[in-house]
Amino acid sequence: MKYYYLFIFLPFFFIPAYGMQNTISDSNIQVILNYPDILTTQDNFVLSSVVKTTADQVSNITVTISSPEIVMTENQFHINSLPKDSTFGNNFNAQVKNGTPDGSFLTNVEVQYFIKGFFDQSPVKNSFTKAIEFNTQSKPLILLNAQAPDEVFAGEPFSITGTIKNQGSEAQNIQMSVDSSQMTLSEGKIYSLTNLETGKSSDFEFIVQTQKDISVPIHANIHLNGTYTDKSGKTYSLDDSLNVFVRQRGMMEIGGAQGLWLGNFFIAPVVGVGTIVSSVIGFLIFLWHRAKHKKAQKRTRK
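Residues numbered from 1 in each chain as written. Predicted model: local features only at pLDDT ≥ 70, side-chain atom pairs only at ≥ 80, totals over all residues. Heavy atoms only, no water.

1. Observations concerning unusual backbone geometry
Positive phi values are uncommon outside glycine, yet Asn-60 reaches one of about 50°. According to the relative accessible area criterion, Asn-60 is partly exposed, its value standing at 33%. Phi is positive for Asn-173, which is not a glycine, with a value near 50°. Position of Asn-173 relative to the elements: it lies in strand β13 (residues 171–179). (Buried < 20%, exposed > 50% of the residue type's maximum accessible area, 1.4 Å probe, protein only. Helix = DSSP H or I, 4+ residues; strand = E, 2+ residues; numbered from the N terminus.)

2. Some words on the sheet that holds strand β17 (residues 218–229)
Strand order in the open sheet formed by 5 strands is β11-β18-β17-β13-β15, with mixed pairing between adjacent strands. Of all the strands in the sheet, the pair left with one neighbour each is β11 (151–153) and β15 (190–196). Within this sheet the neighbouring strands show an average axis-to-axis angle of 30°, counted without direction. Where β11 lies against strand β18 (residues 235–247), 3 bridges are found, and the strand directions are parallel. Bridged to Val-152 within β18 is Val-246. (Pairing = 2+ DSSP bridges. Axes fitted to C-alpha atoms, helices over the stretch in contact; angles between N-to-C directions.)

3. What to know about the nonpolar core
Of all hydrophobic cores here, the largest spans 30 residues; its most connected members are Leu-47, Val-51, Ile-61, Val-111 and Phe-134. Where this core is concerned, the elements lending two or more residues are β2 (29–35), β3 (44–53), β4 (58–66), β5 (70–72), β6 (76–81), β7 (87–96), β8 (103–115) and β9 (124–136). The biggest single contributor to this core is β8, with 5 residues. Dropping the residues within four chain positions of it, Val-51 is found in contact with Ile-29, Gln-30, Val-31, Ile-61, Val-63, Phe-77, Ile-79, Leu-82, Ser-86, Thr-87 and Phe-88. (Core = buried A, V, L, I, M, F, W, Y, C linked by side-chain atoms within 4.5 Å. Contact = heavy atoms within 4.5 Å.)

4. Description of the pairing of β18
With 12 bridges joining them, β17 and β18 adopt antiparallel strand pairing. Each bridged residue has a counterpart across the sheet, and for Asn-225 the counterpart in β18 is Asp-239. In this antiparallel pair of consecutive strands, β17 and β18, the connection spans 5 residues, and Gly-233 shows a positive phi of 100°.

5. Overview of the packing of aromatic side chains
This structure, assessed with the given rule, holds 8 aromatic pairs. On the numbers, 5.8 Å between centres and 55° between planes, the contact of Phe-77 with Phe-92 is tilted. A residue pair is termed long-range when its members are at least 10 positions apart, and Phe-77 in strand β6 and Phe-92 in strand β7 qualify at 15 residues. Look at Phe-77 and you get buried, because its relative accessible area is 8%. When its relative accessible area of 1% is taken as the criterion, Phe-92 is described as buried. (Phe/Tyr/Trp six-rings, centres within 6.5 Å; stacked < 30°, edge-to-face > 60°.)

6. Quick notes on the sheet that holds β5
Here we have 5 strands laid out as an open sheet, ordered β1-β2-β3-β7-β5, and antiparallel in their pairing. Unpaired on one side and paired on the other, β1 (20–25) and β5 mark the two borders of the sheet. Taking the axes of each pair of neighbouring strands and ignoring which way they run, one obtains an average angle of 30° across the sheet. In this structure, β1 lies alongside β2, joined through 6 bridges in antiparallel fashion.

This is the structure:
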């Protein structure tokens with residue numbers, strides 16, 4: 001018995017680790033495009049494409065990319081033939097032209113191919129076109145998102161966490177600190193990062209504490225301030241602010257200062273020592289009554 005093996009060749013190509021994805025198609029062919037979600041002028045990037053046929057007798061496939069804002073070494077590729085349900089990948093090496101303004105621009109993707117139907121004497125030419133959108137940024141653009149507890153105890157450490165995300169060109173020498181004009185913050189107040197690439201994000205955390213001698217509860221503003229630079233050394237700033245309620249811990253309180261809202265009800269994990277003692281005494285009284293009840297039952301049975 002003879003065995004026949006079909007090998008479908010799929011060449012190696014690079015797909016960006018992050019970015020946008022667009023699919024253009026008709027009833028016979030499909031093209032999936034992957035590219036970075038943010039581009040920077042004069043930096044090289046890869047526009048990867050995967051062609052898949054969804055019908056028989058498809059041949060002479062040509063994919064062409066055209067845009068006045070993009071320079072490519074080769075802006076089209078050709079496939080002689082591709083069996084149904086097979087795929088073929090190709091990379092377009094591209095660069096955004098210098099002087100392209102920040103923002104969005106469109107790039108046309110045209111797909112041409114021939115297909116021979118059951119009643120066709122010769123293959124028939126088909127084509128379809130779609131405009132895909134690119135976003136370019138010439139400078140870093142860092143977005144800052146920070147969170148802190150709503151309520152903390154005076155003189156006790158608490159955490160400020162958050163994320164910074166770069167939606168522009170590569171950012172370098174990122175420095176950030178926390179401060180407050182209404183109270184003194186100590187411990188770890190400095191955060192630094194060497195660089196943050198386009199489209200990437202980074203988490204941060206500050207562990208700080210207020211001074212102990214806060215006489216009355218206050219709603220304190222905490223400010224996050226920072227700077228970063230672009231490749232040329234130009235400096236940019238970032239800032240955010242948070243509001244935290246600071247109060248003294250009660251003599252009979254243990255646990256954290258944070259709680260949980262369930263509808264209109266607030267459930268706090270802070271528990272008074274008196275509450276714990278009362279609960280223990282109540283439990284012991286319950287056990288005593290239970291033991292007494294069992295003794296009474298035994299006497300009745302006798």
